[in-house]
Amino acid sequence: MKTEALFDTNAYLKDFVGKVISCEEVQKEQERCYKVVLDKTAFFPEQGGQTSDIGKLDNAQVLDVQIEDDVIYHYCASGFLIGEEVHGKIDWKHRFNNMQQHTGEHIFTGVAHNTYGADNVGFHLSDNTVTLDLNIELNQEQIDAIETKANEIIASDVAVKAYYPNQELLGAINYRSKKEIEGAVRLVEIEGVDLCACCAPHVSTTGQVGLLKVVSFGKYKGGTRVYILCGMRALEDYNRRLQLLASSYQLLNCKEDELPEKVSGLIEDNKQLKYRISEIKAGMLNDQIERILPDLTDVTIFMDGLDAKTMREGVNTLVERHDGLCAIFSGDDETGYDFVIGSKTRDCAAIATGLRELLGAKGGGSKQMAQGNVQATRNEIERTL
Ligand SMILES: [Zn+2]
């Protein structure tokens, strides 16, 4: 028996009384629960890319709602007797929030369709994100224009109506639809903005959407995927972002508007400091190279904080003065070492291969010089060399 879908004609129905048609104990995602069918329900089941309502049947939590062949199944934490009358109460905050997102999606897609000929090829509404997929590529300017127009439509508080037109009327009008629909077609009309086949609950006037904000968008399957937030979700997101911003400018001890300048100043300072440190380190390396006795054949230097260029220059200097293997390692036992090795007489590529085989080092080079990094301690490296 088909379940009477009360949300179909009244999206604002929060409470109802239904009669239990069937109740079956089932296993759902490793949990025992009850699959309950009523003669009628205000619970919207998961369909058309939108997750289900939540709420209660008497004192039992409704965890999920599904639809199959026009029968609506409530997955409840506890069961009922067949024939029993139960009081259903949907989580209105959750539902109204979904109605805001969903109606916002119609407005946005309607404007995208009317302005740029875009067709909606996908929609997803979960508790965390709202995405809509359009079949053409849109740029920033176009997205901004749609967003502005959508918010104008919200501000003008146009009526949103849902109805089942007769076959004659249906054949004569042009409406948006994501797929071929079997059975009666339910149309959702936002006057002068959009006409679309849809089964979900919507707000009754566009003003109740409150606000529509595009959070991000990008190329998707040859078209565009747009992330939007409406109403209270947009407000929550705004607050979250304000808090992020505030914690950043408080940390940097500046005003909000000075943030970009302050951050780019810090990046520049950091670059200068790194350059200065690398100069100092190069000086320290040269001092150490100068102090090495000239009659030594093999030389290995460990010093942290050296950049690749300084290490190569250091090895070049060492190779001019010493005949054996000249190696510089920079790093520490915790994070591993970068290395450069050079020699007039030894095969550096072969030594790099040896380090790779024995210590799992990465990198390589020529007979004269090789470089890479190794995740090993100084002790292990010295023993291996
Ligand atoms: Zn809809």
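Preceding this paragraph is the structure being described.
For clarity, every value in this text was computed on a predicted model and none was experimentally measured. (Residues numbered from 1 in each chain as written. Predicted model: local features only at pLDDT ≥ 70, side-chain atom pairs only at ≥ 80, totals over all residues. Heavy atoms only, no water.)

### Remarks on the coordination of the zinc ion
Four donors placed tetrahedrally around a metal ideally meet at 109.5 degrees, and six donors placed octahedrally ideally meet at 90 or 180 degrees. To be explicit about the condition: Donor criterion used throughout: N, O or S atom within 2.8 Å of the metal, extended to 3.2 Å for Na, K and Ca. Water excluded; incomplete-looking sites may result. Geometry is assigned from donor-metal-donor angles: four donors are tetrahedral when every angle falls between 85 and 135 degrees, four are square planar and six octahedral when opposite donors sit over 155 degrees apart with all other angles between 65 and 115, and any other arrangement is irregular. Accessibility here uses a 1.4 Å probe with only protein chains present; expressed as a share of the type maximum, an area under 20% marks a residue as buried, one over 50% as exposed, and anything in between as partly exposed.
Protein-derived ligands of the zinc ion are His102 (NE2), His106 (NE2), Cys198 (SG) and His202 (NE2), with the metal-ligand distances lying across 2.0 to 2.1 Å. Each of the 4 donor atoms bound to the zinc ion contributes to angles spanning 95 to 126 degrees, and the resulting shape is tetrahedral. A relative accessible area of 6% places His202 in the buried class.

### Points about the side chain of His322
The criterion, for reference: Each helix corresponds to a stretch of at least 4 residues labelled H or I by DSSP, and each strand to a stretch of at least 2 residues labelled E; elements are numbered beginning at the N terminus.
Assignment of secondary structure puts His322 in the loop between α6 (308-321) and β17 (325-332). The class for His322 is buried, based on a relative accessible area of 1%.

### Notes on a negative patch on the surface
Rules: Here a patch means residues that are over 30% exposed by relative accessible area and free of salt bridges, tied together within 9 Å if like-charged and within 5 Å if nonpolar (Val, Leu, Ile, Met, Phe, Trp, Tyr). Accessible areas in this description were obtained via Shrake-Rupley with a 1.4 Å probe; residue shielding takes into account the shown protein chains only. Take a side-chain nitrogen of Lys or Arg and a carboxyl oxygen of Asp or Glu: if they are within 4 Å of each other, that pair is a salt bridge. By the counting rule applied here, Lys and Arg register as positive and Asp and Glu as negative, while His and the ends of each chain are not counted. By convention, charge coordinates are those of NZ in Lys, CZ in Arg, CG in Asp, or CD in Glu.
A surface patch of like charges, here negative, comprises Glu256, Asp257, Glu258 and Glu261. Locating Glu261 in the fold gives a position in helix α5 (residues 259-291).

### So, the packing of aromatic side chains
Note the cut-off: Centres within 6.5 Å are what make two rings of Phe, Tyr or Trp a pair, Trp counting through its six-membered ring; a difference in plane orientation under 30 degrees is then read as stacked, over 60 as edge-to-face, and the rest as tilted.
Tallying each qualifying case throughout the model produces 7 aromatic pairs. Seen in terms of ring centroids, Phe302 and Tyr337 are 5.4 Å apart; in terms of plane orientation they differ by 85 degrees. Their pairing is edge-to-face. Of this pair, Phe302 sits in strand β16 (residues 299-302) while Tyr337 sits in strand β18 (residues 336-343), placing them 35 residues apart in sequence. For Phe302, a relative accessible area of 12% gives the class buried. You can call Tyr337 buried: its relative accessible area is 6%. Measuring from centroid to centroid gives 5.7 Å for Phe329 and Phe339, while their planes differ by 40 degrees, and the two rings are tilted. Within this pair, whereas Phe329 is found in strand β17, its partner Phe339 is found in strand β18, the two being separated by 10 residues in sequence. Of the two residues, Phe329 and Phe339, both sit in the buried class.

### A closer look at the packing of helix α1 (residues 92-116) against helix α2 (residues 140-155)
We apply this condition: In this description, a line fitted to the C-alpha atoms serves as the axis of each element, helices being fitted only across the stretch in contact, and the angle between N-to-C directions of two axes falls anywhere from 0 to 180 degrees. Orientation is classified from the angle alone, with under 35 degrees giving roughly parallel, over 145 giving roughly antiparallel, 65 to 115 giving roughly perpendicular, and any other angle giving oblique. By convention the crossing between two helices is left-handed if the near helix lies anticlockwise of the far one by an angle smaller than a right angle, and right-handed if it lies clockwise. By the convention used here, residues are in contact when the closest approach between their heavy atoms is within 4.5 Å.
At their nearest, the axes of α1 and α2 sit 9 Å apart, and the two run at 125 degrees to each other. Between α1 and α2, the angle falls in the class oblique. Two packed elements cross with a definite hand, and for α1 against α2 that hand is right-handed. On α2, the residues that touch Ile107, Phe108, Val111, Ala112 and Tyr116 of α1 are Gln142, Ile143, Ala145, Ile146, Glu147, Lys149, Ala150, Ile153 and Ile154.

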